[in-house]
Amino acid sequence: MEVVLGRVEQLPALLAVSRSAVVRDWDSLTLDRALEWARYFQHLYDRFRARPQLREALERRLRRAQPYPLLGFPTLGRCPQLLGLALLENRALPPAACRRLLRSLLQPPGAGTGPEPRGLALLARRKAAACLLALPRCSPRRPSGPELQLEAEAQLLLSQLREEGQEVGEAAGQLRWLCGVLEQLPQPRAFEVVAAALALLKQGSGAEQAGDRDRDGSSLDGYRASAAEDGCTAGLLLSWLLGNQERFSAFCLCLPCSLLAFLAGHYSQLSRSYLDLLTGWGSRLFYDPLQGRWVKSCLDKAELSWEELREHFSCLCQGSTLLKEQTQAALKLLKTQDGDFKVCGLSVWTDLLMEV
């Protein structure tokens, strides 16, 4: 087993080399050896996927390898695709080796002895997605480039998260993978992608439900299964987002109020945390009689001003009927707990209720 673990430890190096200029010296024989190693790692995945203790041992050995902290046991099963994609995108690969690679991808070993492998389809889909993200966005009939790219990134994240669920089969493994991926993105971009993914899940489920009303009852089971899968995916995204208070605060500070209100209207778990966060920020405002307005207690602290807090609550009150009622009920309770004043300048909650 130690020999196997030692070989697995070489996987990060193989993937790193495939993206480097070293492949400039590769001939067809070297390429074949690299592909054989990739198939060997895939064989290990097939062999040990149903043996939890050995899987954990392989994962521990992979996590020791740097600079690829995201590699886990499922990576072994996708190794031929990952290697093939890296080599296809590497301009340093010589033409002869490139032609050999294409033939290998189109006619993998054993292609005629069983069902068609999903490797080529997966590779083509990811390559097409990479090309899509690189295209200029100049059509006047479509959203701007940054919006399209953000939506594409969110779609890719959801697709990969679902694939990871099929490979790993456990929420804890999916969450580890998700944390690793999102931590590689700059924080504002990670928040934007997660918010877009959560919004897409609700938009997609709404469209499917509307379509299912026009079809027979047999499609209802398919909708329910899809909704359950989307619920699990959303749960993982929310676990990452709400699992760290500092992270969630930064999320709410950097995203538009309208988007936060949309998400709060569709995810009760998020709406509760969002209201709690706004309550905390509002409770730290104090009334300055000289200025005649509410001001932050610490000017250098990343919190909301009175105007920003009012905008957040206003967007919540412009959402769904349920969200509006919950927001107003929360404000009335806070007003009562604060002394139930009816005069401006004594309670921030009184003033907010009068404003929104």
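The name given to the protein chain in an unreviewed UniProt entry is Fanconi anemia group F protein, with the source organism recorded as Eulacestoma nigropectus. The UniProt entry for the protein chain carries the following text under Subcellular location (unreviewed entry): "Nucleus".

(A) View of the packing of aromatic side chains. Under the definition given, this model contains seven aromatic pairs. Residues Phe 191 and Trp 240 carry aromatic rings whose centres are separated by 6.1 Å and whose planes lie at 50° to one another, so their mutual orientation is tilted. Note that Phe 191 is positioned in helix α11 (residues 187-212) and Trp 240 in helix α12 (residues 218-242), a separation of 49 residues in sequence. Like Trp 240, Phe 191 is buried. Between the aromatic rings of Tyr 287 and Trp 294, the centroid separation amounts to 5.4 Å while the plane-to-plane angle is 70°, which identifies the pairing as edge-to-face. With relative accessibility at 31%, the residue Tyr 287 sits in the partly exposed group. A residue is classified by how much of its surface remains accessible, and Trp 294, at 7% relative accessible area, is buried. Each residue in the set Phe 191, Trp 240, Phe 248 and Phe 251 is aromatic and connected to the rest through ring pairs, giving one cluster.

(B) Inspection of the side chain of Asn 90 at higher detail. Within the fold, Asn 90 resides in the loop between α6 (79-88) and α7 (95-106). There is a polar contact of 3.0 Å between the side chain of Asn 90 and the backbone nitrogen of Ala 92.

(C) Region of the structure containing the nonpolar core. Membership of the largest hydrophobic core comes to 55 residues, with the highest contact counts inside it found for Leu 178, Leu 237, Phe 251, Leu 270, Tyr 274, Phe 313 and Leu 316. Considering each element in turn, this core owes the most residues, eleven residues, to α11. Three or more residues apiece are contributed to this core by two domains, here domain 2 (146-204 + 229-246) and domain 3 (256-355). For Phe 251, the contacting residues outside a window of four places in its chain are Phe 191, Ala 195, Leu 241, Leu 260 and Leu 263. Formed by 32 residues, the second largest nonpolar core is a distinct cluster that contains Leu 5, Leu 31, Ala 38 and Tyr 45.

(D) Local environment of the packing of helix α13 (residues 245-254) against helix α15 (residues 268-283). Their axes nearest at 11 Å, the elements α13 and α15 cross at an angle of 85°. Accordingly, the angle class assigned to the pair α13 and α15 is roughly perpendicular. Here α13 contributes Gln 245, Phe 248, Ser 249, Cys 252 and Leu 253 to the contact with α15, which in turn contributes Leu 270, Ser 273, Tyr 274, Leu 277 and Trp 281. Within the contact of α13 with α15, the residues separate by chemical class into seven nonpolar, three polar and no charged.

Basis of the calculations
- Residues numbered from 1 in each chain as written.
- Predicted model: local features only at pLDDT ≥ 70, side-chain atom pairs only at ≥ 80, totals over all residues.
- Heavy atoms only, no water.
- UniProt positions renumbered as here; feature names shortened; annotations may be inferred.
- Phe/Tyr/Trp six-rings, centres within 6.5 Å; stacked < 30°, edge-to-face > 60°.
- Helix = DSSP H or I, 4+ residues; strand = E, 2+ residues; numbered from the N terminus.
- Buried < 20%, exposed > 50% of the residue type's maximum accessible area, 1.4 Å probe, protein only.
- Polar contact = N/O pair within 3.5 Å; in protein donor to acceptor, adjacent residues only side chain to side chain.
- Core = buried A, V, L, I, M, F, W, Y, C linked by side-chain atoms within 4.5 Å.
- Domains from an automatic or database assignment.
- Contact = heavy atoms within 4.5 Å.
- Axes fitted to C-alpha atoms, helices over the stretch in contact; angles between N-to-C directions.
- Parallel < 35°, antiparallel > 145°, perpendicular 65-115°, else oblique.
- Nonpolar A, V, L, I, M, F, W, Y, C, P; charged D, E, K, R; others polar.

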